[in-house]
Amino acid sequence: MKMSRREFGFAAIAVAGAMSAPSLMAAARPKVVIVGGGAGGATVARYLAQSAKGDIDITLIEPTRMYYTCFFSNLYLGGFRDLSSIGHSYGKLASDFGINVVHDWATAIDRDKKTVALASGGMVPYDRLVVAPGIDFKYDTVPGYGIGGANKMPHAWKAGSQTELLKAQINAMPQGGRFVMVAPPNPFRCPPGPYERVSMIAHVLKQKNPTAKIIVLDPKEKFSKQSLFQTGWSTHYDGMVEWLPASIVGKVTHIDTEAMEIRTETETFKADAANVIPGQTAGHIAMSAGLADNSGFCPIVSATMQSRMDENIYLVGDSTIAGDMPKSGFSANSQAKVAAMAVRASVSGSKLFPARFANTCWSLIAPNDGVKVGAKYEATPEKIAKTEGFISKVGEDAALRKRTYEESIGWYQGITADIFG
Amino acid sequence: MLRGWPGKRVMTKAAGFTPVVLMALQVFLADVPLASATQADAERGAELFKTCATCHQIGKGARHTVGPHLNGIFGRRAGTIDGARYSRDIVRAGQNGMHWNFDNLDAYLENPQNLVSGTRMQFRGIKNAADRADIIAYLRTFSDNPRDIPEAAPTAQTTPHDPAVDPRILAIQGDPEYGEYLAGECTTCHQQSGSDQGIPSIVGWPTDVFVTAMHAYRAKVREHPVMQMIAGPLNDEEIAALAAYFKKLDP
């Protein structure tokens, strides 16, 4: 029963695709422009190029020449990777896949004229546009903090120089000093990320600065893999980490980056080093193009990742409202394959296959103590809905935890090869 | 390290004697009377075990030969006895949590590749469930965890099931174009280049081995949670499509 319904849906969509395609096929090669070269955007570019085999003109607009992945940047903080190992260039996408990689800022989208404006003054026309700008920050969630304060208290939630800065500040802490993290409110990029980061910083301090303390000020009352992290913290870093949700110390009311002070409704925390992760929205360009709703993120059609605001635009990754899917590199990569397939179908009449979504997030708590959480999703008319999932268990033996960590290293090599070629 | 189908080299070498082993097995099965389906017969299992004894010792003074000795196998993590020679795949399966019990021994004896695609155990498998149950009952007398009735996990026999993949399913011709799209879910972790670091290579596999492995994950006979999750919603045609696509990739 399931099969026949699916096949029927398939055929109907394929016919519709074939009928709408000739207008574009008759002209020159259809132009697909992708804004943003992270886990989502670069994967769309690569999969589109791989499947279209030269029939689609693909332009990828990405300001940085070297992309540092947010995933595994905590392992750099913990001393398990060097920074160069999480940096990726776009050379292969250009040379092996024929993608026109443009290193520039996309500053505006004209949805009527179907063009993207570049900071350098250029203008790129498109037939279909894929918007994958990742996140930007909502500074009003952390009063007193802003772009100017990010060199005193780095967010390090976009990897690269911010991550290097945070590492340097952790290393410069005085013996017995205090590290404070301000964790973000939901929804945000990489739900287990702040807590893996706490683990990695604790690992560094345990060796270099064992009397130091870590305080986490959290607007949330619970977080991803909570029991796994909290059990791990007491096992590996007994007494070093204190997690303080708003119900205990109140919300953060003011951050003074010069004085290195963070005030909550009930207390003031003086920090020797701090990491402030503000609340988040879709990347600015998606907001200014009117692709987001009141939530600050962009609604999409689950089966295709098409924007609900503009039929010529598709969105992938952290800027989207992806239903039950978390904002992660794995999710963005998974959504990108659906988007690439749907974009190609819409311009060339190729088969539109049923969407398939999956996610897994590995986290490292201490050396050889890896855990993971994952789920599978399906496209429903309302949202991308979770169908089944799993999570590592408290009390798993050391061999399994080590295997999970080794598996995460294999995954990193796999996904970065999948994204960047 | 680049690697294709892990069993390729061993299989070529083994091809010469496989038919002999198979003939020997058929002779045994013909000679030994069938046990009842409900009550496993360890004595009959001892007779059947002679086929296994070519490579495995069991009992007092048993040593590793071609394969590991089988004393105390119940409840033991797969691939973990010092001094035995194991495939990398079975060591990984053990690290992923596989401990020998009735169900997975049954699946392994039925077809070793149900559980471990790159296993060193070059054995066609035993189709007859009663024969497998008798051999397992015999193995059980050399495990003290526990050896008394009533049985408890890990030696208890649970609901009978057939982990074998129907030959009609193995014969499905997959659509490589659909397979290429579906493969997007695999290549987030498994590299198209055939790298085998941390996560196994899946390129260049024989179709039947690939399909058998995916069905075992779908049936949760194999333990890995990510693989169970990915295989769960795949239908027989989709598994065949993936097998067809990955088979044609060069490692």
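In this text, all values refer to a predicted model and were calculated from it rather than measured experimentally.

Thresholds, definitions, all that
Residues numbered from 1 in each chain as written. Chains lettered and ligands numbered in written order. Predicted model: local features only at pLDDT ≥ 70, side-chain atom pairs only at ≥ 80, totals over all residues. Contact = placed C-beta atoms within 7 Å. Helix = DSSP H or I, 4+ residues; strand = E, 2+ residues; numbered from the N terminus. Pairing = 2+ DSSP bridges. Axes fitted to C-alpha atoms, helices over the stretch in contact; angles between N-to-C directions. Buried ≥ 20, exposed ≤ 12 C-beta atoms within 10 Å, placed from the backbone. Right-handed = clockwise from strand over helix to strand, strands pointing away. Parallel < 35°, antiparallel > 145°, perpendicular 65-115°, else oblique. Left-handed = near helix turned anticlockwise from the far one by under 90°. Nonpolar A, V, L, I, M, F, W, Y, C, P; charged D, E, K, R; others polar. Expected span 1.5 Å × (residues − 1). pLDDT = per-residue confidence, 0-100.

### Description of the interface of chain B and chain A
The interface is formed by 24 residues belonging to chain B together with 29 residues belonging to chain A. Of all the elements in the fold, those that place two or more residues in the side of chain B that touches chain A are helix H8 (176-182) and helix H10 (225-231) of chain B. Residue contributions to the side of chain B that touches chain A peak at four residues, all from H10 of chain B.

### Regarding the sheet that holds strand E15 (residues 261-264) of chain A
Residue and element names in this part refer to chain A. Pairing is antiparallel in the open sheet, where three strands are placed in the order E14-E15-E16. Looking at strand neighbours, the two that pair on one side only are strand E14 (252-256) and strand E16 (268-270), the edges of this open sheet. Between one strand and the next, the sheet's axes are offset by a mean angle of 15°, whatever the strand orientation. In the sheet, E14 pairs with E15 via four bridges, with the strands oriented antiparallel. In the sheet register, Ile-255 faces E15, and the bridge partner there is Ile-262.

### Digging into the pairing of strand E1 (residues 31-35) of chain A
Residue and element names in this part refer to chain A. In terms of burial, E1 is largely enclosed, as five of its five residues are buried. Residues Lys-31, Val-33 and Val-35 point to one face of E1 and Val-32 and Ile-34 to the other, with burial holding for every one of them. Bridge count for E1 against strand E2 (residues 57-61) is five bridges, and the pairing is parallel. Opposite Val-32, over in E2, you have Ile-58 as the bridge partner. Crossover handedness for the path E1 to helix H3 (residues 41-52) to E2: right-handed.

### Section: unusual backbone geometry
Residues and elements named next belong to chain A. Following Asn-186, the chain continues into Pro-187 via a peptide bond in cis, with omega recorded as -10°. Even without glycine at this site, Phe-72 takes up a positive phi of about 80°. Note that Phe-72 resides in the loop between strand E3 (66-68) and helix H4 (73-77). The backbone phi angle of Met-305 is positive, close to 65°, even though this residue is not glycine. Looking at where Met-305 falls in the secondary structure, it is placed in the loop between strand E19 (298-301) and strand E20 (306-307).

### Some words on the sheet that holds strand E11 (residues 178-182) of chain A
All names here are of chain A. Across the sheet, which stays open at both edges, the four strands sit in the order E13-E12-E11-E17 with parallel pairing between neighbours. The sheet is open, and its two borders are formed by strand E13 (241-245) and strand E17 (273-276), each paired with just one other strand. Between one strand and the next, the sheet's axes are offset by a mean angle of 15°, whatever the strand orientation. Note that strand E12 (residues 213-218) and E13 share five bridges and pair parallel. In the strand pairing of E13, Ile-214 is matched with Val-241. Sheet strands touched by helix H7 (residues 193-208): E11, E12 and E13. Its angle to E12, the strand with the most contacts, is close to 170°.

### Here we look at the packing of helix H11 (residues 329-348) of chain A against helix H12 (residues 398-420) of chain A
Residue and element names in this part refer to chain A. Running from amino to carboxyl end, H11 crosses H12 at an angle of 40°, the nearest separation of the two axes being 11 Å. One way to sum up the angle between H11 and H12 is to call them oblique. When the axes of H11 and H12 are compared, the crossing they make is left-handed. Contacts between H11 and H12 pair Gly-329, Phe-330 and Asn-333 from the former with Ile-415, Asp-418 and Ile-419 from the latter. The residue makeup of the contact of H11 with H12, split by class, is three nonpolar, two polar and one charged.

### What about helix H6 (residues 129-140) of chain B?
Residues and elements named next belong to chain B. The end-to-end C-alpha separation of H6 is 16 Å, in line with the 16 Å expected for twelve residues at 1.5 Å each. Judged by how many residues are buried, H6 sits mostly within the fold: ten of twelve residues are covered. Taken together, the buried positions of H6 are Asp-131, Arg-132, Ala-133, Asp-134, Ile-135, Ile-136, Ala-137, Tyr-138, Leu-139 and Arg-140.

### A few points about the confidence of the model for chain B
The predicted coordinates should not be examined in detail at positions where pLDDT is low. Residues and elements named next belong to chain B. Per-residue confidence for chain B gives a mean pLDDT of 82, with 77% of residues at or over 70. A low-confidence stretch, residues 9-37 (pLDDT under 50), is modelled with 23 contacts involving residues beyond four sequence positions or located in other chains. The complex prediction reports pTM at 0.85, with the ipTM value standing at 0.83.

### Focus on the pairing of E2 of chain A
As paired elements, E2 of chain A and strand E5 (residues 100-102) of chain A share three bridges and run parallel to each other. When the bridges of E5 of chain A are listed, Ile-61 of chain A appears paired with Val-102 of chain A.

### Brief notes about the environment of Ala-216 of chain B
Within the secondary structure, Ala-216 of chain B is located in helix H9 (residues 207-218). For the pair Ala-216 of chain B and Ala-107 of chain B, spaced 109 residues apart in sequence, the C-alpha separation works out to 9.1 Å.

### Description of helix H11 (residues 236-248) of chain B
Residues and elements named next belong to chain B. Its 13 residues place the ends of H11 19 Å apart at the C-alpha level, agreeing with the 18 Å of an ideal helix rising 1.5 Å per residue. Every buried residue of H11 is accounted for by Glu-238, Ile-239, Ala-240, Ala-241, Leu-242, Ala-243, Ala-244, Tyr-245 and Phe-246. Check the buried side of H11 and you find it contacts H8 and H9.

### Digging into the environment of Thr-211 of chain A
Residue and element names in this part refer to chain A. Secondary-structure assignment places Thr-211 in the loop between H7 and E12. According to the C-beta neighbour criterion, Thr-211 is exposed, with 10 such atoms within 10 Å. In the structure, Thr-211 is positioned 37 residues away from Pro-174 in sequence and 9.9 Å away in space, judged by C-alpha atoms.

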